[in-house]
Amino acid sequence: MIEKAGTGERVYLAIKTFLLAESDYRPGERVDIGDLSRRVGASASPVRAALHRMAGERLLVSHQGEGFSFPRLSEPALSDLYQWNAALLVNALRAGPARALPPAPEIAVSAPLARLEALFAVLAAQSDNVEVEWAVAGVSDRLRRVRRAEIVLVPDFGDEVAELHRLFGDGDS
C-alpha cells in the first residue's frame, strides 16, 4: 500500500517545485507567504515550516520576524557553487567501485534542465555514498534557478546537455 505524504511534506514539495521551477522571483526578492498559502491550499503555518526547511537547505534566506527571500549570489559565490558541483561529481565517479558506468539514463522528459539533473543524479549514485547523492541533489536544487536563466542566455545549453548524455552513453566519465 502506498502511503500518502502528510500535509507538511505535500506543502513543502509543492512550494519547492513552484519556487524553484516555475516562479520568476528575483534574487533578494521577498516570498509572499499569503500567496503561497493560497497557491498550495494550506494555512500559513505549514507554509512557514516549508520555507524554514528551504532556508535550512540554503534555497531561501530567512529574515528573523520578517519573512523569507531568495538568496543573492555574487559572482565568486556562484563560481564556488559550480566548482563544488563539479568536485562532487568527479569524486563520485572516482569513489565508486571499479565497474563500467550503467547505461545512459532514459529521461522521460526532453527538458534540458531535467535531463541534466537526472544525469548528475545517476553520476552521484556511482559513489555508492548516500551523502554524495544528497549533496549533488542539494547543489542541483541551489543551481536550478541559475540554470533556468542559462537555458535562455546560453544558446547551446540543450546541445551541451545532449553531448554530456552522449559521452555518458559511450562510457566516457
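For the structure, see preceding data.
As a starting point, this report considers the structure included with it.

What counts, and at which threshold
Residues numbered from 1 in each chain as written. Predicted model: local features only at pLDDT ≥ 70, side-chain atom pairs only at ≥ 80, totals over all residues. Heavy atoms only, no water. Helix = DSSP H or I, 4+ residues; strand = E, 2+ residues; numbered from the N terminus. Buried < 20%, exposed > 50% of the residue type's maximum accessible area, 1.4 Å probe, protein only. Lys, Arg positive; Asp, Glu negative; His and termini not counted. Salt bridge = Lys/Arg side-chain N within 4 Å of Asp/Glu carboxyl O. Contact = heavy atoms within 4.5 Å. Core = buried A, V, L, I, M, F, W, Y, C linked by side-chain atoms within 4.5 Å.

A closer look at the side chain of R145
Item 1. Assignment of secondary structure puts R145 in helix 6 (residues 130-153).
Item 2. Buried and unpaired, R145 has no salt bridge, with D24 as the nearest side chain of opposite charge at 6.4 Å.
Item 3. With near-sequence residues (within four places) excluded, R145 lies in contact with L19, L20, S23, D24, Y25, R26 and F70.

Notes on the nonpolar core
Item 1. In this structure, I15, L19, V31, L36, V47, L51 and L60 are the most contacted members of the largest nonpolar core, which totals 21 residues.
Item 2. The set of elements that each furnish at least two residues to this core consists of helix 1 (7-22), helix 2 (33-40) and helix 3 (44-56).
Item 3. Per-element tally for this core: the top contributor is helix 1, with six residues.
Item 4. What I15 contacts, discounting residues up to four positions off in sequence, is L36, V40, V47, A50, L51 and M54.
Item 5. Listed in part, the 16 residues of the second largest apolar core include L88, L89, V136 and L143.

Here we look at the environment of L78
Item 1. Within the element layout of this structure, L78 appears in helix 4 (residues 75-95).
Item 2. Residues L78 and V146 lie 68 residues apart in sequence; the distance between their C-alpha atoms is 9.0 Å.
Item 3. When sequence neighbours within four positions are dropped, the list of residues in contact with L78 reads L73, L143 and V146.

What about the pattern of salt bridges?
Item 1. A full pass over the atoms with the stated rule returns eight salt bridges.
Item 2. For E117, the salt bridge identified is with R144, shortest N-O distance 3.0 Å. Highlighted residues: E117 in helix 5 (residues 112-125) and R144 in helix 6, separated in sequence by 27 residues.
Item 3. When its relative accessible area of 15% is taken as the criterion, R144 is described as buried.
Item 4. Between E163 and R166 there is a salt bridge, with the nearest N and O atoms lying 2.7 Å from each other. With a gap of three residues between them, E163 and R166 both fall in helix 7 (residues 157-169), about one helical turn apart.
Item 5. For E163, a relative accessible area of 34% translates into the label partly exposed.
Item 6. By sharing partners, the salt bridges in this structure join K16, E117, D141 and R144 into a single network.

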